[in-house]
Structure formats: structure tokens, C-alpha cells
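Per-entry structural report
What follows is the residue order along each chain.
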Amino acid sequence: MSDSRARIPALGTLLTAMVTPFTEDGKVDYDRAAALAEKLVQDGCDGLVVTGTTGETSTLTDEENLGMFRAVKEAVGGKAAIIAGTGTNDTAHSVHLSQRAAQLGVDGLLIVTPYYNKPSQAGVRAHFETIASSTDLPVMLYDIPGRSSIAIAPETMIALAQHQNIVAVKDAKADFAAATRVMAETDLVFYSGDDGLTLQWMAMGAAGLVGVTTHVATRRFRELIDAMNANDLATARTINFELEPVVRATMTRVQGAVAAKQILKWQGVLPNSVVRLPLVEPDQAEIDTIRGDLAEAGMDFNV
């Protein structure tokens, strides 16, 4: 086992893919980001993904991305793993961001499948290997064909596992047969990339979750993951059923960052629910639906 793989526990088991808070006029609010990071760690997160999809990375400048890495690292570095979302559809740009993130002292990198370009699997492999070779940081691959338009084929993932810095996978594909093959033939550590499939993924051997709903139900997700790690399936099932309407509210009604910011505002964690175009805040019908879902879970807000 390589040194990078030996550091896998440092990536955590409950990771929140953090939203990027904005001020009312749309600037990144680094102070709120630091405070949110501190709350998430206090409530049970042992890892944070900064400026991934939910962090609206595609509408942040490089300096804003780096500013978020810096703010979260300064707030909770040493208390939780800081995983920087540095993947783009431009390999050279991803290398640049990854190297800058490494200089800031992050603990790992989340690299998404290159989107829009639709490269061959040979191109996908070269993209990941080039970025992984640009720093000494452990890399978590992010397989999400719903956003990238292409999946990482099992054969590609098995080949990528030979790279000493490629150590983990955030799977938002939910192809359990493909994942079983990769798990059987490599020592890549899997994380659920679907909040509502955390129990199922961990039953297969995943380490935990990289989630969005974990913003608003952090402690309950911590209990779910701990129950699975303790082989207490009965408790985990109960928590999983309780979390279903919360996951529905956060992940199925509007885009995840939009819903998470809205709920965090209702919880008093964020002062606003500002997002950047092309994302927009939920309309009244969407708000009513989200609130109805949350009410099923006993989360009712006087707003």
C-alpha cells in the first residue's frame, strides 16, 4: 500500500460538499464560509469538500476558489480533511488550480470527470493521471455522468488505481455492479455521491458519504454512518427512513446548492440564499414543496 493510500482515513467518512456563501451583492463571503465550516465540523463532519459542484465552482474565479480553500483551511484545518475541488474540463487549468491548492495546504483534491469535451476513455485517463501527477496530494475521482455526460468506465478506473496518488472515488453514478468490480480489483476507497444511497453504498463497503443534505442534517448523517460502521443495520435503517424526506427536499426539488442555501437560511445558519446565475433562488411553489418535505421529517420553520 502506498503512502497516499495509507492516508485514506484522513479523508474522513462524513464529508459535506460545502456551499459557497455570498453576500447580498453576490461577492464570496469568506467569513460566513469559515463559520459554516466550523459548524459542520462541530456537528460531525470529518471532511469538507470546498468548491465542488455544490460550491458553485463553475461560476467562481480562480482567486475566489483559492480564497475559499484558504478560509476553510484556516477555520478547521487540523480538525477535518479539506478536499479542494480543482477539477475542470481543461486539464492544464486543473493542474494550475491543484498546484495552487497544494501550496495552501489542503489535504486532498476532488477531480471531476472532464465535462462538455466528451473525451475518449483514453483521454479521461490521461486527464486524471496528469492532474494526479502534478502534486503529492491524494486524489478523489468524481464520477458523475449526469453532469459530465460521460462515465468513468470500470476498466479506466482500474487502470487509474495504479497511480499512487489516486486513492478514492466519489460515485454519483450508482452502478453498483460496476463499482463491485472496481472494489474487487483495486483498493480504491468509495464514497457515496448520492445522499439517499449512503446506507446502500456502505453496505457494499464504501467508507462514507460526500453529501449536500449533510449541511442541514449533519448530526443525523453522522449517526447513520456510525451505525453502519458498527454493523448496527437496524439503527441505520431507521435513520435512513427518517432522512428520506430531508434528502428529497434538498436534492430533488431544485438544484442542490439552491435548496441547501434556502434551508440553511431557514435554520439561521446563513443570512441569505443568494446563488449565482445561471442558478436562481427557488420560486414560491418550489419553496412550498421543499417546506412540505421538511415538515414530514419534523423540520418546520416559521418563515
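Residues numbered from 1 in each chain as written. Predicted model: local features only at pLDDT ≥ 70, side-chain atom pairs only at ≥ 80, totals over all residues. Heavy atoms only, no water.

As a reminder of what qualifies: UniProt positions are given in the numbering used here, feature names are shortened, and annotations may be inferred rather than shown by experiment.
The name an unreviewed UniProt entry gives the protein is 4-hydroxy-tetrahydrodipicolinate synthase, with Paenarthrobacter ureafaciens as the organism. Quoted straight from UniProt, the Function (unreviewed entry) entry for the protein says "Catalyzes the condensation of (S)-aspartate-beta-semialdehyde [(S)-ASA] and pyruvate to 4-hydroxy-tetrahydrodipicolinate (HTPA)." Among the UniProt annotations of the protein, the heading Pathway (unreviewed entry) holds the following wording: "Amino-acid biosynthesis; L-lysine biosynthesis via DAP pathway; (S)-tetrahydrodipicolinate from L-aspartate: step 3/4."

**Re the environment of valine 246**
The condition is simple: Helix and strand definitions here come from DSSP, where helices need a minimum of 4 consecutive H or I residues and strands a minimum of 2 consecutive E residues; each element is numbered from the N-terminal end. For every residue, the accessible area (1.4 Å probe, protein chains only) is compared with the maximum for its type, and the residue is labelled buried under 20%, exposed over 50%, or partly exposed between those bounds. Contact between two residues is taken to exist if any of their heavy atoms lie within 4.5 Å; hydrogens are not considered.
Tracing the backbone shows valine 246 in helix 11 (residues 233-251). For valine 246, a relative accessible area of 3% puts it in the buried group. Along the primary structure valine 246 and arginine 291 are separated by 45 residues, whereas in three dimensions their C-alpha atoms are 9.7 Å apart. Among all residues touching valine 246, those that are not within four sequence positions of it are Thr213, Val216, Ala217, Leu294, Ala297 and Met299.

**Quick look at the UniProt feature "site: Part of a proton relay during catalysis" (unreviewed entry) in the protein**
In the numbering adopted here, UniProt assigns the feature "site: Part of a proton relay during catalysis" (unreviewed entry) to Thr53 and Tyr116. Secondary-structure assignment places threonine 53 in the loop between strand 2 (47-50) and helix 3 (62-76). Within the secondary structure, tyrosine 116 sits in the loop between strand 4 (108-112) and helix 5 (121-132). Under the relative-accessibility criterion, tyrosine 116 is labelled exposed at 72%. Look past the residues within four positions of tyrosine 116 in its chain and what remains in contact with it is Asn89 and Ser148.

**Let's talk about the pattern of salt bridges**
For the record, the criterion: Any Lys or Arg side-chain nitrogen found within 4 Å of a carboxyl oxygen on Asp or Glu counts as a salt bridge.
Taken as a whole and judged by the stated rule, the model has 19 salt bridges. With its nearest N and O atoms 2.7 Å apart, the salt bridge here joins lysine 39 to aspartate 43. Given the relative accessible area of 11%, aspartate 43 is considered buried. The residue glutamate 242 makes a salt bridge to arginine 220 at a minimum N-O spacing of 2.5 Å. Taken together, the positions of glutamate 242 in helix 11 and arginine 220 in helix 10 (residues 218-229) put the pair 22 residues apart, joining distant regions of the chain. In this structure glutamate 242 comes out as partly exposed when scored by relative accessible area, which is 39%. Within this structure, Glu244, Arg248, Arg253, Asp293 and Glu296 form a network of salt bridges that share partners.

**Some details on helix 11**
Condition: We define the bend at each residue as the angle formed by axes fitted to the 7 residues ending at it and the 7 residues starting at it.
Along helix 11, the sharpest change in direction is near 40 degrees and occurs at leucine 243; proline proline 245 comes one to four residues later. Along helix 11, the residues classified as buried are Ala236, Ile239, Asn240, Leu243, Pro245, Val246, Val247, Arg248, Ala249 and Thr250.

**What to know about unusual backbone geometry**
Cis rather than trans, the peptide bond between leucine 277 and proline 278 has omega equal to 15 degrees. Its place among the elements puts proline 278 in the loop between helix 12 (256-266) and helix 13 (284-296). Unusually for a residue other than glycine, glutamate 56 sits at a positive phi of about 55 degrees. Relative to the assigned elements, glutamate 56 resides in the loop between strand 2 and helix 3. You can call glutamate 56 buried: its relative accessible area is 3%. Located in the positive-phi region is asparagine 231, a residue other than glycine, with phi close to 60 degrees.

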